[in-house]
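# Survey of secondary and tertiary structure
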Amino acid sequence: QIKMMKAEAIKTWALFVKVQFINTIHAAFQTGATVVVLGFDNYAHVPTCKAMTQRKRSRAVPNMEFLAGQELPPVPPDDWNSAMRNRSFKAKVMQLISRNVHHSFQDLKDKTVIIDFQDEPEVIGMPITLPSVMQMPQIETARRGECDIKAFSWSKEGETLLIESTDGDFIPIALVHLEDAERQGNPVSVILHRMKTNVTPAKRKREGGFKREYEYIGMQPILEWVRRQFPKAASPARAFASLVATTGCDFCMNLPQIGPSTLWKNVALVKHIDTTTAVGMMTALLTLYIKQFKTSAPSTQEIKASAANVLPTTKTPLSHTAYAQLFEQVQESHRVGQRIKDNMFHAKRMLAHVKNTMWTLQYWTDLHEFQDPLEGDFGFVRHKQI
């Protein structure tokens, strides 16, 4: 997956395709790979609940007006970010890229380029056998939409899958995928090539910007580290992935007052709770909010005891009642600012958030076999088409 970013200096389609895609494919071959897959989202199978994220992004960068029947302009538009918000425009660009990649690599003899866009992937160069999920009849029912889940269809026992990672979701998905493959007796190897994670202040360039660096991350050592963090979890990878999802991703809203850093700082409080279930996740979030508001909610111990009493077998997941009590205490507290009170999820919204998290975990686990988020009790509802 390669983000369709464009530097301001690139003023032609030919240069855009060469710099962003042709050169990247050549660089991948230089790593020793014999098969390079160029993946694009197939919008026909992108989960319907992705619309939530699309709306949020469109508020920051409005969509450019472009209809499905239109042709691309002679040169890339100056307002590139706005253009990329329009799916019809983006699909046309993908088609342009696919044609040019096919032309550039059509004479390959000992290597293979694959365009994984819509329907059956296109094989260019040396023929290979596609994974079974991409062959008839499986491909007709497989929901291979986002590149985040498409990528792992290409993993194969005994070989290494190198992913050009442009999305943070690749980490939790890779961990779940590796863990499942091990349990099934078919271990795989996954490496992410991604922008370097800065745990120390970034280096500034002379002109005042930041130096962009990249790194290769072997996911197996990360999985072993996750197992050490969640030693009692039935599935450490899923436990970790559930916490990643619930703090905010494409399918879950950001948690008020509890971001990834705050959650991880307090992970010892919840690491022994089974957050792969709705009951467990609500328990964990209640625990974290009790800690967060400990100076402003005087009856947190009472609430915690109440939560323990409502955990078993209630149809409403977990300590819904207990969270509602905490919410009311925070709203009535004179020690909490009004902005924090306004942003805090009310009980119904928190319940929907937990269900959103459970769907996301299922999506990251089942990949192209995911359940439609609107067909189950996952906290998503359709308001209007966008």
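Overview of the structure. Only a predicted model underlies this, so the values are computations on that prediction, with no experimental measurement involved. (Residues numbered from 1 in each chain as written. Predicted model: local features only at pLDDT ≥ 70, side-chain atom pairs only at ≥ 80, totals over all residues. Heavy atoms only, no water.)

### Structural notes on the sheet that holds strand E2 (residues 112-116)
- Across the sheet, 3 strands lie side by side as E1-E2-E3; this open sheet has mixed pairing. Strand pairing shows two members of the sheet lacking a second neighbour, strand E1 (35-39) and strand E3 (122-125), which therefore form its edges. Put simply, the sheet's adjacent strands are angled 20° from each other on average, direction ignored.
- In this fold helix H1 (residues 13-30) packs onto E1 and E2, with an angle of close to 150° to the strand it touches most, E1. (Pairing = 2+ DSSP bridges. Helix = DSSP H or I, 4+ residues; strand = E, 2+ residues; numbered from the N terminus. Axes fitted to C-alpha atoms, helices over the stretch in contact; angles between N-to-C directions. Contact = heavy atoms within 4.5 Å.)

### Examining the pattern of salt bridges
- Applying the stated criterion across every chain, the model contains 12 salt bridges.
- Residues Lys 150 and Asp 116 are paired through a salt bridge, measuring 3.5 Å at the closest nitrogen-oxygen approach. Of this pair, Lys 150 sits in helix H6 (residues 147-150) while Asp 116 sits in strand E2, placing them 34 residues apart in sequence. Each member of the pair Lys 150 and Asp 116 is classed as buried.
- Taken together, the shared-partner salt bridges connect Lys 50, Glu 146 and Asp 250 into one network. (Salt bridge = Lys/Arg side-chain N within 4 Å of Asp/Glu carboxyl O. Buried < 20%, exposed > 50% of the residue type's maximum accessible area, 1.4 Å probe, protein only.)

### A word on the packing of aromatic side chains
- Taken as a whole and judged by the stated rule, the model has 22 aromatic pairs.
- Both rings, one in Phe 152 and one in Phe 170, keep their centres 6.3 Å apart while their planes meet at 50°; by these two values the pair is tilted. Taken together, the residues span a long stretch of sequence, with Phe 152 in the loop between H6 and strand E4 (160-164) and Phe 170 in helix H7 (residues 170-183) at a distance of 18 residues.
- Given the relative accessible area of 0%, Phe 170 is considered buried.
- Taking 5.1 Å as the distance between ring centres and 70° as the angle between the ring planes, the aromatic pair formed by Phe 251 and Trp 359 counts as edge-to-face. Note that Phe 251 is positioned in the loop between helix H9 (236-246) and helix H10 (260-265) and Trp 359 in helix H15 (residues 347-366), a separation of 108 residues in sequence.
- Relative accessible area serves as the criterion here: at 0%, Phe 251 is assigned to the buried category.
- With relative accessibility at 0%, the residue Trp 359 sits in the buried group.
- Grouping aromatic residues by their ring pairs yields a cluster made of Trp 13, Phe 16, Phe 21, Phe 40, Phe 66, Trp 80, Phe 89 and Phe 117. (Phe/Tyr/Trp six-rings, centres within 6.5 Å; stacked < 30°, edge-to-face > 60°.)

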